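An overview of the molecular structure
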Protein chains: 2
Amino acid sequence: MIKTIGVLGGTGPQGRGLALRWAVRGLDVVLGSRDPERAARAAAELSGILEGRGGAGAVSGASNLEAASADAVLVAVPYEAHARTLEGLAGALAGRIVIDCVNPLGFDKQGPFPVSVPEGSAAQQAQALLPDARIVGAFHNVSAVLLADLEIDDLETDVLVLGEDREDVAEVIALAELLPGVRALHAGRLRNAGQVEHLTANLIALNRRFKTHAGIRITGAGLP
Amino acid sequence: MIKTIGVLGGTGPQGRGLALRWAVRGLDVVLGSRDPERAARAAAELSGILEGRGGAGAVSGASNLEAASADAVLVAVPYEAHARTLEGLAGALAGRIVIDCVNPLGFDKQGPFPVSVPEGSAAQQAQALLPDARIVGAFHNVSAVLLADLEIDDLETDVLVLGEDREDVAEVIALAELLPGVRALHAGRLRNAGQVEHLTANLIALNRRFKTHAGIRITGAGLP
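Residues numbered from 1 in each chain as written. Chains lettered and ligands numbered in written order. Predicted model: local features only at pLDDT ≥ 70, side-chain atom pairs only at ≥ 80, totals over all residues. Heavy atoms only, no water.

Bringing the confidence of the model for chain A into the picture now. Counting all residues, the mean pLDDT for chain A is 97, and 100% of those residues have values of 70 or more. Our summary of model confidence lists the complex with pTM equal to 0.98 and ipTM equal to 0.97. (pLDDT = per-residue confidence, 0-100.)

Printed below as a string of structure tokens:
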């Protein structure tokens, strides 16, 4: 049972947004950053938002290394910092569930596009750099804008969870389903993470065209 | 306005399924195959299913080259045959809308996995091989099983359409929305087709785990 969660890159929008929602549901969250003072400021802001909410967990700020000692660790750094951030943490993250939500995307005048990863996906890169960690891919397609707004009580999205180990995947599904309006589904092994990461480019294209914050639902009889 | 549609690889499940649904809605469809006799047999089967339905279009069988002279042409061959099929058709397909629904996937004991395409995606490979055709990617994630069963009157899926030209994309959106229960959305340029093609691996993983025929819906306020 995961009670504390560390967030590498916890000052970015995706990490902050997920941290906020998990803290609302009672998890203690440690925001990690290269710059622990920046993490402390972000933690203070989130703590302010949570003030007066009964049952909320504590949010604190720390270095990425300190954040890496939580029960489970979310990797939410920009792709450009992905390999660099994980390289130094192989020891600290050994044996832990490491949830990778990083989307390898580039942006130019024509919008977002997929960036290829030598290992196949950010999740597989994490597994290569952290051979003893339990890597699970998830939360790639959840809108940070919707996460940040606690007035929104239905995120209207499925979370596709990619991983090798069914028990680890089940833990991450439980974490995902703490978010309001989220159903989480085991959508394949890590080798099938790349397209889920890159699909965020399509959602951003839709966001721009339709001024929305797109999510996805899987349809089909017999799904949970 | 597209009134006839040619299907390259029209004897495979995706091509046949889409052909059947379009014929139901009154389009004339030419199933193409390397083996025109096989195409003729498949056309006869579909014609039998359509018999007695008022307003249905005609389904005929032909070579891939003959199918390539329709108003719009669907490419529905297995990925292994994709480049080989298109190489000989650059002249015939020049100026035409060519809809590519090919998913570059491999299968082994652990299930489906994405196969990387040198050009980035099957759709981009089609554009490279058919420089004068109007390539649009679409129909990657629609279940052939559901398409084949005319009792199913709600396919419960969005079709993500990838393309450079808004008018061509609009034509394909109109074709997609002839299918019952389908909403079609312009989800980016051709360079964002690869992940939509590969996402079919995740849907197949879900199909196997949950004994379903998965589709996807995009959520978000403001979508059409």
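Continuing now.
Turning our eyes to something else, we now look at the environment of alanine 214 of chain A. In this structure, alanine 214 of chain A sits in the loop between helix H9 (194–210) and strand E11 (215–219). According to the relative accessible area criterion, alanine 214 of chain A is buried, its value standing at 4%. Between the alpha carbons of alanine 214 of chain A and leucine 146 of chain A there is a distance of 9.6 Å; along the sequence they are 68 residues apart. With near-sequence residues (within four places) excluded, alanine 214 of chain A lies in contact with Asn141, Leu203 and Asn207 of chain A together with Ile218 and Thr219 of chain B. (Helix = DSSP H or I, 4+ residues; strand = E, 2+ residues; numbered from the N terminus. Buried < 20%, exposed > 50% of the residue type's maximum accessible area, 1.4 Å probe, protein only. Contact = heavy atoms within 4.5 Å.)

Residue and element names in this part refer to chain B. Within the secondary structure layout, threonine 11 lies in the loop between strand E1 (4–8) and helix H1 (13–24). Overall, the relative accessible area of 19% leaves threonine 11 in the buried class. Among residues more than four places away in sequence, those in contact with threonine 11 are Arg16, Gly32, Ser33, Arg38, Ala39 and Ala42.

Moving on, we get to the pattern of salt bridges. All told, the structure shown has 12 salt bridges over all chains when counted by the stated rule. Linking aspartate 158 of chain A and arginine 217 of chain A is a salt bridge whose minimum nitrogen-to-oxygen distance equals 2.7 Å. Residue aspartate 158 of chain A is found in strand E9 (residues 157–163), and its partner arginine 217 of chain A is found in strand E11; the two are separated by 59 residues along the sequence. On the accessibility criterion, aspartate 158 of chain A (1% relative accessible area) is buried. A relative accessible area of 24% places arginine 217 of chain A in the partly exposed class. Here glutamate 164 of chain B and arginine 189 of chain B are joined by a salt bridge, their closest N and O atoms 2.8 Å apart. Highlighted residues: glutamate 164 of chain B in the loop between strand E9 (157–163) and helix H8 (166–176) and arginine 189 of chain B in the loop between strand E10 (182–186) and helix H9 (194–210), separated in sequence by 25 residues. In this structure arginine 189 of chain B comes out as partly exposed when scored by relative accessible area, which is 28%. Salt bridges sharing partners connect three or more residues here, namely Asp158, Arg183 and Arg217 of chain A. (Salt bridge = Lys/Arg side-chain N within 4 Å of Asp/Glu carboxyl O.)

Let's shift gears to the interface of chain B and chain A. If you look at the interface, chain B gives 42 residues, while chain A gives 42 residues. Between chain B and chain A, the buried area comes to about 3,300 Å², and carbon and sulfur atoms account for 51% of it. Area buried by chain B at its contact with chain A is led by Arg191, Gln195 and Thr219 of chain B, which between them contribute 19% of it. The interface formed by chain B and chain A holds 2 salt bridges in total. The closest approach of N and O atoms between arginine 191 of chain B and aspartate 108 of chain A, which form a salt bridge, is 2.8 Å. In this structure, the connection of chain B to chain A is made through 24 residue pairs in polar contact (both at pLDDT 80 or more). Where the side of chain B that touches chain A is concerned, the elements lending two or more residues are strand E7 (111–114), E9, E10, H9 and strand E11 (215–219) of chain B. It is H9 of chain B that contributes the most residues to the side of chain B that touches chain A, 11 residues altogether. The residue makeup of the side of chain B that touches chain A, split by class, is 20 nonpolar, 14 polar and 8 charged. (Buried area = accessible area lost by both parts, 1.4 Å probe. Polar contact = N/O pair within 3.5 Å; in protein donor to acceptor, adjacent residues only side chain to side chain. Nonpolar A, V, L, I, M, F, W, Y, C, P; charged D, E, K, R; others polar.)

The strands that make up a sheet pair up through hydrogen bonds in the backbone, lying either parallel or antiparallel. Residue and element names in this part refer to chain B. Reading across the sheet, the 8 strands line up as E3-E2-E1-E4-E5-E8-E9-E10 and stay open at both edges, with mixed pairing between neighbours. Looking along the sheet, the strands with just one partner apiece sit at the ends: strand E3 (59–63) and E10. Shown here is a sheet whose adjacent strand axes are inclined to one another by a mean of 25 degrees, direction ignored. Relative to E9, strand E8 (residues 134–137) is paired through 2 bridges, and the arrangement is antiparallel. Looking at the pairing, valine 136 lines up with glycine 163 of E9. Across the sheet, H8 lies against E1, strand E5 (97–100), E8, E9 and E10, angled at about 165 degrees from E10, the strand it touches most. (Pairing = 2+ DSSP bridges. Axes fitted to C-alpha atoms, helices over the stretch in contact; angles between N-to-C directions.)

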